[in-house]
Structures are given as structure tokens and as C-alpha cells.
Amino acid sequence: TLTVQTAATVLMTRYSRLESTGHNVPKFATTSAVALAEFGKMWVGILLLSYETCVTKASHDPFTTISNQIFGDFWTLLKMAVPACTYAVQNNLLFVALHHLDSSLYQITYQLKIFTAAIFAIVMLNGSYTAKQWLSFALLAVGASLANTSMQTKQNTQVDEDDDRNQLTGIVCILMATVTSGFAGVFMEKQLKGASSLLVRNIQLGMFGFLMSIFNSFIVGDMQTVIIPYGFLHGFTASTWLVVMLNIFGGYLVAFVLKRASNIVKSFAAGLAVILIVFGSYLFFETQFNSLFYVGAILVLTGNGVYQREDYMKKNKPKQPL
């Protein structure tokens, strides 16, 4: 389900960005869509928590009960700001990296995030992986990279004299982004596994995510170029609202996967989604891909199979007698 949701969100986002808004008029601000998704995630959680408190538990003072659940433990509340801030930093690092690197190098290097996620899981969650699982990580990273680059169009290799691109800066930023990605995912997994209510955690994440999205709109320039001159909802169409709803649904789906499974499983779902994205781009946008896609798809599927088999064997390994 997470694989399909991820692919659908990417494809619908691309479609919404292709819709015409008229001459000399900017398209909708992506930070507005992200902020609305976080705001929506927060309010969906509040409504569901209210129903649970008022109907299921029949609380006599639901407002106080809900307030205590969300704001009662201030230290835990502040912890949920960590992934929101980390993801904001990650998005800015990716923005800078994409400016300094060509898209192929960008896609290939960013796939290293599966390894940083595994390393953080070992350090923060006392996780362990077999040699075959590390091999599956490599297969996923290489396969996703090949599938992504199979869609890349030829770029002009001539660089203008005034081009301010610096490849070293780009590589440093993309490597830092892989670190922040791994840390944020594992940190969220740790918080969610210890949470009694996914709804409360999603409300808290939505609050900080909304605030960081607004802050990020200033950093990337959306606030100055689109939101203030044209309005927060400028350029929104039916497809844009569908993207927002898909992101709200995805937020709860990711939280469920992190709590019930792991950040590594989420990474494999994202890798499988790449296959659907490439194929969907071919069907709906006539984007051509080369033979690297087939190689990449085989590697991703093989990596997923190896990881799932090893994970199953670890969980069902008979205990040694004392």
C-alpha cells in the first residue's frame, strides 16, 4: 500500500505541476501544498482522537483529555519537533545539491540513504543485519539508481563561464541529506514504537511540520515569489488538492509502517515505488526510458526478496537451548 501511495503521489504531483496557469504566472508553491498536508494531517488526527475520546471512551471532559494527551508531556512534544526540523534541513540540502549536481549523480548518491538508515538503526535501536541483508541494501540502492537514471534526458554538457555550480558543494550537501534522512526516519521510528497512540504522534508531527513548512517557504523563496504576491492557494487545482490528500494519507501510512515494521521496510517500499513511477511516467507522460530500467527493476525486486527472506529467517530462528 505504501509503495502504491508513494508512486501515486509522485505521479500526481508531476501532473499538477504540468497544468497550465497562464503566461507569466507562477505555478502553485510546493511549500503551500506541503504545509496544507501537514495541517490536514494534524486536523484529521484531532478529529479521530476526538471521536475516540468522546464516543469510544465516553470521556466527560474531552477537551481536557485531548489537551493532556497532546501537550501534557512537554518533553515528548518537543521530541516530535526533531524530525520536522531535520526534514526541513534535508529539503534545503537537496535543493542546494540539485543546483550543483547533474540529476544522474544526484539520484545515484541519494540512494546511499538506505545505508545511513541501517547504521542509525544499529546505533539508536540496537538493530542488527546479516551479510545478506547488507547485500540487499546494496541491490536496492543500485537498482533504484539505475531505474531513476533510465528516465534521464540528455543534458547540455557545456557549462557557461558564469555558471556557479560547484560539484564538491553538491556532493557534500547530498551526503549530508542522506545522513539527515537516515537519522530522521530512525528517530521517528523510535518515537512511534514507544507511543501509545499513533494519532497523538501524528498530531504533534503535523503541528511542527506545518510550522517548518511555512519557515521553509521563506528559505526556498516561495513565500516571496508566489504566496505573498498571489495568495497561499494560488494555482491550486483539483489535482493539487488530490496531492494534498495523498500526502495526508501517506503521513499516517508511513507512521503505521514505522510503528509496526521499520524504517528499512519503508525504504524498500520507496525503492519499489521507483519502478511504478518510471512505468507510470511512460504510460501517462510518455517519458521514455532505456534498458537500465529493466536491470534496475530486477535488482530492486531481488534486493527486496533477499531482505524479506532474511528478516523472516531471523524472526523464526529457533532459540538455542540453555
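The structure displayed is predicted, hence computed values, not measured ones. (Residues numbered from 1 in each chain as written. Predicted model: local features only at pLDDT ≥ 70, side-chain atom pairs only at ≥ 80, totals over all residues. Heavy atoms only, no water.)

**Thoughts on the packing of helix H7 (residues 113-125) against helix H9 (residues 167-193)**
Then step 1. Where H7 contacts H9, the two axes come as close as 8 Å, and the packing angle between them is 40 degrees. Between H7 and H9, the angle is such that the two are oblique. The way H7 lies across H9 gives a crossing that is right-handed. Facing H7, whose interface residues are Lys113, Thr116, Ala117, Phe120, Ala121, Met124 and Leu125, H9 presents Thr178, Val179, Ser181, Gly182, Phe183, Val186, Phe187, Glu189 and Lys190.
Then step 2. Residues of the contact of H7 with H9, tallied by class, amount to 9 nonpolar, 4 polar and 3 charged. (Axes fitted to C-alpha atoms, helices over the stretch in contact; angles between N-to-C directions. Helix = DSSP H or I, 4+ residues; strand = E, 2+ residues; numbered from the N terminus. Parallel < 35°, antiparallel > 145°, perpendicular 65-115°, else oblique. Left-handed = near helix turned anticlockwise from the far one by under 90°. Contact = heavy atoms within 4.5 Å. Nonpolar A, V, L, I, M, F, W, Y, C, P; charged D, E, K, R; others polar.)

**A word on the packing of aromatic side chains**
Then step 1. For the structure shown, the criterion picks out 18 aromatic pairs.
Then step 2. When the centroid spacing of 5.4 Å and the interplanar angle of 50 degrees are considered together, the rings of phenylalanine 39 and phenylalanine 210 count as tilted. Of this pair, phenylalanine 39 sits in helix H2 (residues 30-56) while phenylalanine 210 sits in helix H10 (residues 198-220); the two residues are 171 residues apart in sequence, bridging distant segments of the chain.
Then step 3. When its relative accessible area of 34% is taken as the criterion, phenylalanine 39 is described as partly exposed.
Then step 4. Using a relative accessible area of 25% as the deciding quantity, one classes phenylalanine 210 as partly exposed.
Then step 5. In textbook terms, an aromatic cluster arises when at least three aromatic residues are bridged by ring pairs, as seen for Phe115, Tyr129, Trp134, Phe137, Phe268 and Tyr307. (Phe/Tyr/Trp six-rings, centres within 6.5 Å; stacked < 30°, edge-to-face > 60°. Buried < 20%, exposed > 50% of the residue type's maximum accessible area, 1.4 Å probe, protein only.)

**Notes on H7**
Then step 1. The end-to-end C-alpha distance of H7 is 17 Å, a good match for the 18 Å that 13 residues give at a rise of 1.5 Å each.
Then step 2. All of the buried residues along H7 are Ile114, Thr116, Ala117, Ala118, Ala121 and Met124.
Then step 3. Buried positions along H7 lie against helix H8 (131-149), H9 and helix H13 (263-285).
Then step 4. A positive backbone phi angle near 55 degrees is found at asparagine 126, which sits one or two residues after H7. (Expected span 1.5 Å × (residues − 1).)

**Looking at the nonpolar core**
Then step 1. Membership of the largest hydrophobic core comes to 23 residues, with the highest contact counts inside it found for Tyr129, Phe137 and Ile264.
Then step 2. The set of elements that each furnish at least two residues to this core consists of H7, H8, H9, H13 and helix H14 (292-315).
Then step 3. When residues no more than four places from it in sequence are discounted, the contact partners of isoleucine 264 are Ile114, Ala117, Ala118, Tyr129, Phe137 and Tyr307. (Core = buried A, V, L, I, M, F, W, Y, C linked by side-chain atoms within 4.5 Å.)

**Let's talk about the pattern of salt bridges**
Then step 1. Taken as a whole, this structure holds 3 salt bridges when the rule is applied.
Then step 2. A salt bridge links glutamate 38 to lysine 41; the nearest nitrogen and oxygen atoms lie 3.3 Å apart. On the criterion of helical spacing, the pair formed by glutamate 38 and lysine 41 is a turn pair, its members being 3 residues apart in helix H2. The same class applies to glutamate 38 and to lysine 41, which are both buried.
Then step 3. One salt bridge in this structure joins glutamate 189 and lysine 193, with 3.9 Å as the shortest N-O distance. (Salt bridge = Lys/Arg side-chain N within 4 Å of Asp/Glu carboxyl O.)

**Looking at the environment of threonine 9**
Then step 1. By the element assignment, threonine 9 lies in helix H1 (residues 2-18).
Then step 2. A C-alpha to C-alpha distance of 33 Å links threonine 9 and valine 55, two positions 46 residues apart in sequence.
Then step 3. If near-sequence neighbours (up to four positions away) are discounted, threonine 9 is found in contact with Leu246 and Asn247.
Then step 4. In this structure the side chain of threonine 9 is engaged in a polar contact, spanning 2.8 Å, whose partner is the backbone oxygen of glutamine 5. (Polar contact = N/O pair within 3.5 Å; in protein donor to acceptor, adjacent residues only side chain to side chain.)

**A few points about the confidence of the model for the protein**
Then step 1. Confidence in the prediction for the protein averages 85 pLDDT; 93% of positions are at 70 or higher.
Then step 2. Ranking the elements of the protein by mean pLDDT puts helix H6 (residues 103-110) last with 80 and H7 first with 93. (pLDDT = per-residue confidence, 0-100.)

**Quick notes on the environment of glutamine 90**
Then step 1. Within the fold, glutamine 90 resides in helix H5 (residues 81-100).
Then step 2. Judged by its relative accessible area of 6%, glutamine 90 is buried.
Then step 3. Put simply, glutamine 90 and isoleucine 174 are 84 residues apart on the chain and 8.8 Å apart in space, counted from C-alpha to C-alpha.
Then step 4. With residues near it in sequence (within four places) discarded, glutamine 90 still touches Tyr110, Ala177, Thr180 and Ser181.

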